[in-house]
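Examining the three-dimensional arrangement
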Amino acid sequence: GRLYVNRVFHFSAEKMFELLFTDSHFIRRFMKARKITKASFDPWREEASGTMKRRLNYTITITNPLVGKFSTATENQTLYKDSREGQRYLVDAEVITHDVPYHDYFYTQNRYCIVRHSKRKCRLRVYTDVKYKKQPWGLIKSFITKNSWSGLEDYFRHLESELVEEELELNQGGGEP
Ligand code: YK8
């Protein structure tokens, strides 16, 4: 896998969770900027084991010239039980892009780790992996992986910069340092 985001932000871990994993203005705005449309978010639901799950559906706009312009996608998110409120949030997100070539071979797994540093500081790490459900021919596999990495890098670089913007706004005129 790869580590795409690894940064300390000057706002709380709860705030980070709220921005990324609830139906927040931030995520709505970000999706709009990425031309992610027709988004539907299920609420978080608790499983018998205590883990929380939810499903998102949306349509992504693709800039890769090798692929059609749009694809529907399903994202299954799992929030792990040991994520004690406000201390640590671990979210695994499996993203399946239904309408890209070789879509039945692979999916993407993004792991978001939010760790509390202090009352008003947290660290966000995002690890990404391209996973295979069946093994394609070697050349195809490297083609899928290479094209996935470039799309993911672009997406997470943009997400990080928008979070930096949000951090600025949140800390403006707040009074206390
Ligand atoms: C989520 C991974 C692969 C896919 C794309 C497919 C190339 C197909 C390979 C051909 C277009 C928002 C990506 C980047 C689309 C965007 C997906 C996003 C960024 C040439 C054989 C969508 C996170 C996410 C996960 C997977 C990304 C796709 O929150 O290259």
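Everything numeric in this text was worked out from a predicted model, so none of it was measured. (Residues numbered from 1 in each chain as written. Predicted model: local features only at pLDDT ≥ 70, side-chain atom pairs only at ≥ 80, totals over all residues. Heavy atoms only, no water.)

**Here's the deal with the overall build of the chain**
Rules: Helical segments are the DSSP runs of H or I of at least four residues, strand segments are the runs of E of at least two, and each set is numbered from the N terminus. Each residue is assigned to one of three classes by its accessible area relative to the maximum for its type, calculated with a 1.4 Å probe on protein chains only: buried under 20%, partly exposed between the two thresholds, exposed over 50%. Contacts: residue pairs with any heavy atoms within 4.5 Å of one another. To measure how exposed things are, a 1.4 Å probe is used in the Shrake-Rupley method; for residues, cover is taken only from the protein chains shown. Positive charges come from Lys and Arg, negative ones from Asp and Glu, while His and the chain ends are left out of the count. A charged residue contributes its charge at one atom only: NZ of Lys, CZ of Arg, CG of Asp or CD of Glu.
Of the regular secondary structure elements, the chain holds three helices and eight strands. Starting at the N terminus, the α and β elements of the chain follow one another as β-α-α-β-β-β-β-β-β-β-α. Once the C-alpha set of the chain is aligned to its principal axes, its extents read approximately 55 × 40 × 30 Å. Relative to its full complement of 177 residues, the chain shows a buried share of 41%. For the chain, restricting intrachain contacts to residue pairs at least 6 apart in sequence, the fraction spanning at least 24 positions comes to 54%. Accessible surface, the chain: about 10400 Å² in total, of which carbon and sulfur atoms supply 50%. The average position of the 30 basic charges and that of the 23 acidic charges among the side chains of the chain differ by 3 Å.

**Remarks on a nonpolar patch on the surface**
The line we're drawing: Within the patch definition used here, like charges are joined within 9 Å and nonpolar side chains (Val, Leu, Ile, Met, Phe, Trp, Tyr) within 5 Å, considering only residues with over 30% relative accessible area and no salt bridge. Criterion for a salt bridge: a side-chain nitrogen of Lys or Arg within 4 Å of a carboxyl oxygen of Asp or Glu.
Taken together, the side chains of L66, Y102 and F143 define a hydrophobic patch exposed on the protein surface, amounting to about 280 Å² of accessible area. Among the structural elements, Y102 can be located in the loop between β6 (88-97) and β7 (106-118).

**Here's the deal with the nonpolar core**
Convention followed: In this text, buried Ala, Val, Leu, Ile, Met, Phe, Trp, Tyr and Cys residues form a nonpolar core when linked through side-chain atoms within 4.5 Å.
Residues M16, L20, I114, L124 and L163 are the most contacted members of the largest nonpolar core, which totals 43 residues. The element best represented in this core is helix α3 (residues 138-170), accounting for seven residues. Beyond its immediate stretch of four places on either side in the chain, L20 contacts F26, I27, R54, Y112, L124, L159 and L163.

**Points about the side chain of E166**
Mapped onto the fold, E166 is located in helix α3. Residues within four places of E166 in sequence aside, it is in contact with L19, F26 and R29.

**A few points about the site of the ligand**
Just so we agree on the cut-off: Proximity criterion: a residue is near a molecule or strand once any of its heavy atoms comes within 4 Å of it. What qualifies as a polar contact is a pair of N or O atoms within 3.5 Å, subject to a donor-acceptor requirement within protein and to the restriction that residues adjacent in sequence count only when both atoms come from side chains.
The environment of the ligand is made up of 17 residues, and the closest members are Y58, I60, E75, N147 and Y155. Between the ligand and the protein, one listed contact pairs an oxygen atom with a side-chain N or O atom of E75 at 3.2 Å. Within the backbone of N147, one N or O atom sits 3.2 Å away from an oxygen atom of the ligand. For the ligand, whose unbound accessible area comes to 650 Å², protein coverage reaches 94%.

**Observations concerning the packing of aromatic side chains**
Filter applied, for reference: Ring pairs are drawn from Phe, Tyr and Trp, using the six-membered ring of Trp, whenever the two centres fall within 6.5 Å, and their geometry is named by plane angle: stacked under 30 degrees, edge-to-face over 60, tilted for the rest. Criterion for a charge above a ring: Arg CZ or Lys NZ at most 6 Å from the ring centre, at most 35 degrees from the ring normal.
For the structure on display, the rule yields twelve aromatic pairs. Measuring from centroid to centroid gives 5.1 Å for F21 and Y112, while their planes differ by 85 degrees, and the two rings are edge-to-face. Taken together, the residues F21 in helix α1 (residues 13-21) and Y112 in strand β7 connect sequence positions 91 residues apart. For Y112, a relative accessible area of 7% translates into the label buried. Ring plane angle 65 degrees and centroid distance 6.0 Å describe the contact between Y102 and Y105, whose orientation is recorded as edge-to-face. By the ring-pair criterion, three or more aromatic residues cluster together here, those being Y4, F17, F21, F26, F30, W44, Y89, Y112, W149, Y155 and F156. Taking NZ or CZ as reference, K134 lies 4.8 Å from the ring centre of Y105, over its face. Its guanidinium or amino end placed over the ring of Y132, K141 lies 4.8 Å from that ring's centre, counting from NZ or CZ.

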